[in-house]
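# Summary of the model geometry
Here is what each chain is made of, one letter per residue.
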Amino acid sequence: MSDYRHYTPEPDCLADRVVLVTGATRGIGRAVARDLVVHGATVLLHGRDAAVLEALHQELRGLGPEPAVAQLDFERAQGDEYQRLTEQIEARYGRLDGLLHNAGLLGDRSPVEHYDIGLWQRVIHVNLNAAFILTRCLLPLMGRSEDASIVFTTSGVGQRGRAYWGAYSVSKFGVEGLAQVLADELENTSIRVNRINPGPARTQMRARAYPAEDPAVLVRPEELTGPYLFLLGRAGHGVSGQRLQCQP
C-alpha cells in the first residue's frame with residue numbers, strides 16, 4: 001500500500017476486468033482509460049459528446065480489448081437513462097468490476113456572495129448527485145464481481161475549504177462523505193471504495209482554475225495513472241476506505 005505512487009502495472013494485469021470511467025474524453029480520465037485498455041481491461045468510456053467519444057474509441061481500439069462507449073450527459077440525464085445504461089452493461093458483460101468517478105465541473109472561482117445560483121446547482125449535481133445516482137444504479141452489477149472497486153476523484157479543497165472555490169469545493173466535501181459512507185456500508189462485501197486526489201496536473205480544468213500558471217511546471221496526466229490502476233485492479237484487493245494522494 002505504501003508503494004502505490006510507484007506502482008508499475010504488469011502487462012495484462014487488468015485482463016478480464018470491466019471498468020467504467022466517467023469523464024474519459026480528456027485529462028486524467030482519458031489517460032487512465034488508455035492505460036486500462038493497454039493493460040487488458042475492457043473499458044466503458046463515458047462522456048457527453050458522441051463525436052469525441054467515437055474518436056477516442058477509434059484511438060484506443062487497437063491498444064487492447066475493444067472499449068465501449070457510454071454516452072450520458074450528467075447535467076440533463078434522467079433516472080431512466082441511468083437505468084438504460086445499467087441494463088446495457090448487464091446485457092453485454094453481466095457485471096462491473098471497476099467504476100472511476102472522474103467527470104466533473106469546476107464552476108466559477110468567485111465568492112459565495114456573488115456565486116450564480118444556477119451554476120452552483122449544476123456543479124453540485126454533476127460532481128456529487130450524478131456520482132451518487134450512477135453508483136446506486138450500478139451497485140448490483142458490482143456485487144456480482146469477485147473483487148469490485150469504486151474510485152472517487154477528490155481534491156485538496158474537498159478536505160479544507162478555501163476562498164473562491166465555491167461549489168467545486170463543497171461538491172468534493174460531499175464526494176468525500178459519500179465515499180466514506182459507502183466504504184463503511186460495503187465493508188463486508190466484495191466491493192471496495194476509495195478516494196484519490198491526483199494533485200496539480202496539466203489539464204484543462206487546472207488551466208481554467210489557474211490561468212496565469214505555467215503548465216510546464218505541472219505533471220502530465222499520463223504520469224499519474226499508476227495509483228488509479230492500482231485501485232481499479234487486483235493489486236488493490238483488500239484496500240478500502242482510503243484516501244490516496246498521487247503526488248506528495
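## Here's the deal with unusual backbone geometry
The backbone phi angle of D12 is positive, close to 65°, even though this residue is not glycine. Summarising the element assignment, D12 is placed in the segment before β1 (18–21).

## Overview of empty space enclosed by the protein
Under the criterion given, the structure shown has one cavity of 30 Å³ or more. Its boundaries defined by the atoms lining it, the largest cavity holds a volume of some 80 Å³. Elements supplying a minimum of two residues to the lining of the largest cavity: α4 (117–142), β5 (148–153) and α5 (166–185). In the lining of the largest cavity, the residues fall into eight nonpolar, five polar and one charged.

## A closer look at the environment of R17
Here R17 lies in the segment before β1. Linking R17 and A68, residues 51 residues apart in sequence, is a C-alpha distance of 13 Å. Apart from the residues lying within four places of it in its own chain, the contact partners of R17 are A41, T42, R95, D97, D147, A148, S149, R192, L232, G233 and R234. There is a polar contact of 2.9 Å between the side chain of R17 and the backbone oxygen of L232.

## Considerations on the environment of C246
Mapped onto the elements, C246 comes out in the segment after β7 (243–245). As for C246 and P198, which are separated by 48 residues in sequence, their C-alpha atoms are 4.9 Å apart. When near neighbours in sequence (up to four residues on either side) are disregarded, C246 contacts R5, I196, N197, P198, L224, P227 and Y228.

## Quick word on the layout of surface pockets
Empty space within the largest pocket amounts to approximately 1,300 Å³. Mapped by element, the contributors of at least two residues to the lining of the largest pocket are α1 (27–38), β2 (42–47), α4, α5 and α6 (204–209). Sort the elements by how many residues they give to the lining of the largest pocket and α6 lands first, with five residues. Per-class residue counts for the lining of the largest pocket are 20 nonpolar, 19 polar and eleven charged. In this model, the second largest pocket occupies a volume close to 170 Å³. Taken together, the elements giving at least two residues each to the lining of the second largest pocket come down to α5 and β6 (191–197). For the lining of the second largest pocket, the class distribution of residues is three nonpolar, five polar and five charged.

## Here we look at the nonpolar core
Nonpolar side chains in soluble globular proteins tend to end up buried together. In terms of nonpolar packing, the biggest core is built from 40 residues, with L96 and F152 touching the most fellow members. Listing elements by their share of this core, those giving two or more residues are β1, β3 (68–71), α3 (79–93), α4, β5, α5 and β6. The biggest single contributor to this core is α4, with twelve residues. Membership of the second largest hydrophobic core comes to 30 residues, among which are Y228, L231, L232 and L244.

## Looking at the pattern of salt bridges
Using the criterion set out here, one finds 15 salt bridges in the structure. Put simply, R195 and E176 hold a salt bridge, and the shortest N to O gap is 2.7 Å. Of this pair, R195 sits in strand β6 while E176 sits in helix α5, placing them 19 residues apart in sequence. Classification of R195 by relative accessible area gives buried; the value is 8%. You can call E176 buried: its relative accessible area is 4%. Linked through salt bridges whose partners overlap, the residues forming this network are R48, E75 and R122.

## Re the packing of α1 against helix α7 (residues 225–232)
To describe two helices that pack against each other, one gives the angle between their axes and the distance between the axes. α7 packs onto α1 with a crossing angle of 60° between their chain directions and a minimal axis gap of 10 Å. Overall, the two elements α1 and α7 adopt an arrangement that is oblique. As α1 packs across α7, the resulting crossing turns out to be right-handed. Contact with α1, carried on its side by I28, A31, V32, D35 and L36, involves T225, Y228, L229 and L232 of α7 and no other residues of that element.

Reading the values: rules and limits
- Residues numbered from 1 in each chain as written.
- Predicted model: local features only at pLDDT ≥ 70, side-chain atom pairs only at ≥ 80, totals over all residues.
- Heavy atoms only, no water.
- Helix = DSSP H or I, 4+ residues; strand = E, 2+ residues; numbered from the N terminus.
- 1 Å grid on protein atoms, 1.4 Å probe; cavity = no way out; pocket = protein on both sides within 12 Å on 5 of 7 lines; lining within 4 Å.
- Points joined across faces, edges and corners; volume = space filled by probe spheres on them.
- Nonpolar A, V, L, I, M, F, W, Y, C, P; charged D, E, K, R; others polar.
- Contact = heavy atoms within 4.5 Å.
- Polar contact = N/O pair within 3.5 Å; in protein donor to acceptor, adjacent residues only side chain to side chain.
- Core = buried A, V, L, I, M, F, W, Y, C linked by side-chain atoms within 4.5 Å.
- Buried < 20%, exposed > 50% of the residue type's maximum accessible area, 1.4 Å probe, protein only.
- Salt bridge = Lys/Arg side-chain N within 4 Å of Asp/Glu carboxyl O.
- Axes fitted to C-alpha atoms, helices over the stretch in contact; angles between N-to-C directions.
- Parallel < 35°, antiparallel > 145°, perpendicular 65-115°, else oblique.
- Left-handed = near helix turned anticlockwise from the far one by under 90°.

Taken by themselves, the reported measurements are silent on function.
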